[in-house]
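Structural features, examined
Okay, here's what each chain looks like letter by letter:
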Amino acid sequence: MTENHTALNGRRILLGVSGGIAAYKAAELVRLLRGAGAELRVVMTPAASEFITPLTLQALSGQAVRQSLFDAAHEAAMGHIELARWAELILIAPASADLMARLAAGMADDLLSTLCLASAAPLWLAPAMNQQMWQAAATQANVAVLRERGVQLLGPASGEQACGEQGPGRMWEPAQLLAACVTHFADGPLRGVAVTITAGPTREAIDPVRFISNHSSGKMGFALAEAAAGMGARVRLIAGPVSLSTPTGVARIDVESAEQMLQASLADPGEIFIACAAVADYRAVQVADNKLKKQQPALELKLLRNPDILATMAGQRPRPFCVGFAAETERLAEHAQGKLKAKGLDMIAANWVGERAAGGGFDSEHNALQVFWPGGDRQLALTTKTQLARELMTLVATHYNERKT
Ligand code: PMT
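Along every chain, residues carry numbers that run from 1 in the direction the sequence is written. The predicted origin of the model limits local features to residues at a pLDDT of at least 70 and limits the giving and counting of side-chain atom pairs to 80 or more, whereas totals for whole chains, interfaces and linings rest on all residues. To obtain the side-chain values, all non-hydrogen atoms of the structure were used and water was disregarded.

Notes on the domain arrangement of the protein chain
Interface size is often expressed as the accessible area that is lost when the parts come together. Throughout the structure description, domain borders are defined by an automatic or database domain assignment. Entries for the protein chain in the domain assignment read domain 1 (2-185) and domain 2 (194-404). Once you take the C-alpha centre of each, domain 1 and domain 2 turn out to be 34 Å apart. Any two residues whose heavy atoms approach within 4.5 Å are treated as being in contact. Listed by partner, the interface residues are 7 residues for domain 1 and 8 residues for domain 2. Summed over both partners, the accessible area (1.4 Å probe) lost when two parts come together is defined as the buried area. For the pair domain 1 and domain 2, the two sides together bury roughly 550 Å², of which 59% comes from carbon and sulfur. Any carboxyl oxygen of Asp or Glu that lies within 4 Å of a side-chain nitrogen of Lys or Arg is treated as forming a salt bridge with it. In this structure, the connection of domain 1 to domain 2 is made through 0 salt bridges. Under this definition, polar contacts are N or O atom pairs within 3.5 Å; protein pairs additionally need one hydrogen-donor-capable and one acceptor-capable atom, and for neighbouring residues in sequence, both atoms have to be side-chain atoms. Where domain 1 meets domain 2, there are 0 residue pairs in polar contact (both at pLDDT 80 or more). Only DSSP runs of H or I reaching four residues or more are called helices, and only runs of E reaching two or more are called strands; each is numbered from the N terminus. Broken down by element, the residue count for the side of domain 1 that touches domain 2 peaks at 4 residues, all from helix H9 (residues 174-185). Side-chain classes follow a simple rule in which Ala, Val, Leu, Ile, Met, Phe, Trp, Tyr, Cys and Pro form the nonpolar group, Asp, Glu, Lys and Arg form the charged group, and the remainder, Gly included, forms the polar group. Tallied by class, residues from the side of domain 1 that touches domain 2 come to 3 nonpolar, 3 polar and 1 charged.

As structure tokens, then:
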């Protein structure tokens, strides 16, 4: 057992197992969670026991495995409502397409779906299914409904599937699921705090094939999301189009345009709002329905200013603790302090981009920041974005917690 795993000592996790070939991985997951100190109760759907026997999970969990809503002996020991109240976290791995459809519809037609409805605990799903089933419109609509209700999806991963096909639909590995649980229960200066982070570029369409965008890779914002989750925060990461995988335990919302990023931010600004995205300042007044033809030697595009997402969040009531970024090519401190004031922020992290970035800035693995807040500043030296994100989040947590008290 690693030192980290003591974070799960005595934590009450209800593990749901639904029917799918990945159910065999539940055995390893039970072993890992128990080894990490979690108190486990396993609930299987009837279909799950076609893939793995309840006896296996019972032997590994050291507890009777529950399968039926109408089991008088089990109900007498711990009724299903009691079990729903007992859980601090419900993790369903694997979560089949059928189970997700039933959860999205609010069904309570077996013990597991009933427990999900009856519990106030966070609900996490680790989907596992054939890639075509995952991509089916019905499944994606169910995923959207569940996400909107605050259900966290862990995965699925992409790769070779049991059916021989390639694509998204593989269940996360048990070790990844364990790490997500550890992060969730981690004690840290942001334990339980809702943090919303924007990351990456936005894309503003010109016609069906062209867009205005910038060089942001999302690396800085994703590193911040990982660091915040590691400090115990509940992180929502609103990501523009980037090709990065979601940090463990982080809820990700993918968007394209500034307008979509604004709407996703307004839907839940969190207690701390961090704007790391490089939002396109302008969009085309008119998006052409068809691909623009290159008939003219010159083409004039009329652009319209996009809404300022960060300034909008700083104007909300109640107002989140607002942290901005400033990407500068000249007079870094002066411009950053100007933005701090103009947008009414609690803190701003300024970095060089372009020629003066010196190994940092857009798309690099490294960066350096000069952080300003009303009445103070701190220099964070060039290092990896992972390390820098930890340093910045420590500073954010200190100021946020001071403000709260
Ligand atoms: O993604 P990487 O490749 O890792 O690169 C990281 C980064 C350089 C993109 C990042 O560190 C960074 O500097 N992000 C902010 C980029 C930016 O748009 O800065 P700005 O100075 O133009 O904007 C100031 C602030 O207002 C930013 O917090 C920005 O998110 C926000 N903003 C800007 C315009 C707008 N319409 N809405 C906003 O919320």
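Details of the side chain of Asn-142
Note on placement: Asn-142 falls in helix H8 (residues 137-148). With sequence-adjacent residues up to four places away left out, Asn-142 is seen in contact with Met-100, Ala-101 and Ala-104.

Remarks on the packing of aromatic side chains
For Phe, Tyr and Trp, rings pair up if their centres lie within 6.5 Å, where Trp contributes its six-membered ring, and each pair is then called stacked (planes under 30 degrees apart), edge-to-face (over 60) or tilted (otherwise). Applying the stated criterion across every chain, the model contains 1 aromatic pair. A ring pair is formed by Phe-321 and Tyr-400, whose centres lie 6.0 Å apart and whose planes are at 85°; its orientation type is edge-to-face. Remark: Tyr-400 occurs in helix H14 (residues 385-404) and Phe-321 occurs in strand S16 (residues 321-328); sequence separation between them is 79 residues. Think of it in three bands: residues with accessible area under 20% of the maximum for their type are buried, residues over 50% are exposed, and the middle band is partly exposed, with areas taken using a 1.4 Å probe on protein chains only. We classify Phe-321 as buried; its relative accessible area is 5%. Ring-over charges, as used throughout, are those where CZ of Arg or NZ of Lys falls within 6 Å of the ring centre and within 35 degrees of the ring normal. Across from the ring centre of Trp-352, 3.9 Å away, lies the NZ or CZ of Arg-356, which sits over that ring.

Section: the pattern of salt bridges
Going through the model one piece at a time under the given rule, you end up with 18 salt bridges. One salt bridge in this structure joins Glu-173 and Arg-170, with 3.3 Å as the shortest N-O distance. By relative accessible area, Glu-173 is classed as partly exposed at 34%. A residue is classified by how much of its surface remains accessible, and Arg-170, at 29% relative accessible area, is partly exposed. Within the structure, one salt-bridge network assembled from shared partners comprises Asp-98, Arg-102, Asp-109 and Asp-110.

Comments concerning the pairing of strand S19 (residues 376-384)
We call two strands paired when DSSP finds no fewer than two bridges between them. Where strand S18 (residues 366-373) lies against S19, 7 bridges are found, and the strand directions are antiparallel. Residue pairing across strands places His-366 opposite Thr-384, the latter belonging to S19. The antiparallel pairing of S18 with S19 creates a hairpin that spans 2 residues between the two strands, and Gly-375 there sits at a positive phi of about 90°.

Topic: the confidence of the model for the protein chain
Mean pLDDT over the protein chain works out to 94, with 98% of the residues at or above the 70 mark. Confidence scores per residue from the predictor, reported as pLDDT, run from 0 to 100. The low-confidence segment residues 1-5 (pLDDT under 50) makes 6 contacts with residues lying over four places distant or belonging to another chain.

Side note on the sheet that holds strand S17 (residues 347-352)
Taken in spatial order, the 8 strands make up an open sheet running S12-S11-S8-S13-S16-S17-S18-S19, and their pairing is mixed. The two strands at the open ends of the sheet, each matched to only one other strand, are strand S12 (251-254) and S19. Strand-to-strand twist across the sheet, computed as the mean angle between neighbouring axes with direction ignored, equals 15°. Bridge count for strand S11 (residues 234-239) against S12 is 4 bridges, and the pairing is parallel. When the sheet's bridge partners are listed, Arg-236 is paired in S12 with Ala-251. The strands that helix H13 (residues 332-342) touches are S16, S17 and S18; relative to S17, the one it contacts most, it runs at about 150°. Lines are fitted to the C-alpha atoms to define the axes, a helix being fitted only along its stretch in contact, and any angle between axes, read from their N-to-C directions, falls within 0 to 180 degrees.

Considerations on the site of the ligand
Being near a molecule or strand, for a residue, means having at least one of its heavy atoms within 4 Å of it. Around the ligand sit 28 residues in total, of which Ser-216, Ser-217, Ala-277, Lys-339 and Asn-351 are the nearest. In the model, an oxygen atom of the ligand is placed 2.6 Å from a nitrogen or oxygen of the Asn-351 side chain. Against a free-state accessible area of 770 Å², the protein chains account for coverage of 95% of the ligand. Breaking the shell around the ligand down by element, the ones donating at least two residues are helix H10 (219-230), helix H12 (309-314) and S16. Broken down by element, the residue count for the shell around the ligand peaks at 4 residues, all from S16. Throughout, the Shrake-Rupley method with a 1.4 Å probe supplies accessible areas, and for residues the shown protein chains are the sole cover considered.

Thoughts on the sheet that holds strand S4 (residues 123-127)
Strand order in the open sheet formed by 5 strands is S2-S1-S3-S4-S5, and the pairing between neighbours is parallel. The outermost strands of the open sheet, each flanked by one partner alone, are strand S2 (39-44) and strand S5 (152-153). Those strands touched by H9 are strand S1 (12-17), strand S3 (89-95) and S4, and its axis lies near 165° from that of S3.

Quick look at helix H11 (residues 258-267)
Within H11, burial applies to Ala-258, Met-261, Leu-262, Ala-264 and Ser-265. One side of H11 holds all its buried residues, which, seen down the axis, span an arc of 165°. Those residues of H11 that are buried lie in contact with strand S8 (194-199), strand S9 (204-207), S11, S12, strand S13 (272-275) and H12. Directions from the helix axis toward the C-beta atoms define the arc.

Some points on the pairing of S1
In terms of burial, S1 is a largely internal element, 5 of the 6 residues being buried. With 6 bridges joining them, S1 and S2 adopt parallel strand pairing. Looking at S2, one finds that Ile-13 is bridged to Leu-40. The sheet contact formed by S1 and S3 spans 4 bridges and is parallel.

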